[in-house]
Amino acid sequence: MTDIPPSLAAATEQAMQATQAAIAAGQTRLQVEMVIPELKQQPIARQFLTVFQSIGLRVKVYFPDAGAAALAKRDWNNPDFDIRGINERVGQVTADDEAILIVSPSSVEVADVEKACQAALDRPVVLLNPQLENVATIGIGYAGRQLRDRFLSTLETSYYFRPLENAAVLRCYPQPWQIWREVEADRYELVTTLDQRPNSEQLDRILYGEDKADAATERSTSRQRGLLGELQQFLRALSQ
C-alpha cells in the first residue's frame, strides 16, 4: 500500500505516478484531488506537465479563465504548448491536442469541461484539483447539479489525498481507497481499504466507531498534528 506522503513534493510525485499508471492502463477521464488548504495550483500544474511529456504526448492546458491562463503563460516563459481559459472559443480542443490538463475548474465551468472532454474523444483528459462538487456555488441550480453529478460519474480518480484531524484519506490508482489513522506523532496505521470513495458518515464510523460517530462529525478539523501538521505549515510558508 502507498504510504501517507510526508511533504507536498511527495504527494505531487505520488499523484503524477498514479496518473501516469492510469493513462497507461487506458483510462482517459481522470481527476486528481489534493484536498490541502492553501495549495497553489499553478506550480502543481507545471510539475504535472511531466506526466504527459514522459509518455510523449503534446498537452493543452486549460485554466478556469483567460486571466489565469495568461498568468501561467507568463510565469512559464511562454512554452511551446497551448494554455487557454476553458471558456475561450478560440482555444477549443483540436486534432493536434494529444492530451488535456484542466487546472482547478469549478462548478461554474462544468459544462465547458464536459465539452472539452467530449471533443477530446479517446485522448487523456486530467482534471487537476477540480472544485466541481461545491454545492454552494452561486448560479448552480437543479439542472446544473444534475449535469455536474452526471459528469462526475464519468471520471476515474487517479489520486486523492485528504488530510483530516489525526487521520487521512488516500487513493493511488490502481490501489483501493485507504483510510489512515494517526496513532502517535508522525506515525499512521492503515485502518481499512474501500472500493469506493467514502462519504463523511462512513469516515466517521470507520475512524470513531458507531457510538462516537455523531460526536465525530462535530470535531474541528482546523488543527493538524504530526506529519500532516508539518505539511500544512509548509504550504502556509509557500504562500508568503
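Keep in mind it's a predicted model, so treat the numbers as computed, not measured.

Student: How should I be thinking about the nonpolar core in this particular structure?
Tutor: Within the largest apolar cluster, 40 residues are counted, with the highest numbers of intra-cluster contacts made by Phe 48, Val 61, Trp 76, Leu 101 and Tyr 159. Residues within four places of Tyr 159 in sequence aside, it is in contact with Pro 5, Ala 11, Gln 14, Ala 15, Ala 18, Gln 31, Val 32, Glu 33, Met 34, Leu 170, Arg 171 and Cys 172. If you look at the next biggest cluster of nonpolar residues, it comprises 16 residues, including Ile 86, Ala 120, Val 125 and Leu 152.

Student: For this particular structure, what's the right way to read the pattern of salt bridges?
Tutor: Between side chains of opposite charge, pairing is possible as soon as their charged atoms come close. Applying the stated criterion to the full structure yields ten salt bridges. Between Asp 82 and Arg 84 there is a salt bridge; the shortest N-O distance is 3.2 Å. Residue classification places Arg 84 among the partly exposed residues on the basis of a relative accessible area of 22%. The closest approach of N and O atoms between Glu 184 and Arg 187, which form a salt bridge, is 3.6 Å. By relative accessible area, Glu 184 is classed as partly exposed at 42%.

Student: What should I look at first to understand helix α2 (residues 41-53) in this one?
Tutor: The α-helix advances 3.6 residues per turn, and as a result positions three or four apart in sequence lie on the same side. End to end, α2 covers 19 Å across 13 residues, agreeing with the expected 18 Å (1.5 Å per residue, within 8%). Here α2 has its buried residues at Gln 41, Gln 42, Ile 44, Ala 45, Phe 48, Leu 49, Val 51 and Phe 52. Contacts from the buried residues of α2 go to α1 (8-24), β1 (29-34), β2 (59-63), α3 (66-75), β4 (99-103) and β5 (125-128).

Student: Before we go on, may I ask you to explain the environment of Thr 157 in this structure?
Tutor: As for its placement among the helices and strands, Thr 157 is situated in strand β6 (residues 156-164). Distance in space between the C-alpha atoms of Thr 157 and Leu 127 is 9.5 Å, their sequence separation being 30 residues. Setting aside chain neighbours within four positions, we find Thr 157 in contact with Gln 31, Glu 33, Arg 171, Tyr 173 and Trp 177. Here the side chain of Thr 157 touches Gln 31 through a polar contact of 3.3 Å, side chain to side chain.

Rules and cut-offs
Residues numbered from 1 in each chain as written. Predicted model: local features only at pLDDT ≥ 70, side-chain atom pairs only at ≥ 80, totals over all residues. Heavy atoms only, no water. Core = buried A, V, L, I, M, F, W, Y, C linked by side-chain atoms within 4.5 Å. Buried < 20%, exposed > 50% of the residue type's maximum accessible area, 1.4 Å probe, protein only. Contact = heavy atoms within 4.5 Å. Salt bridge = Lys/Arg side-chain N within 4 Å of Asp/Glu carboxyl O. Helix = DSSP H or I, 4+ residues; strand = E, 2+ residues; numbered from the N terminus. Expected span 1.5 Å × (residues − 1). Polar contact = N/O pair within 3.5 Å; in protein donor to acceptor, adjacent residues only side chain to side chain.

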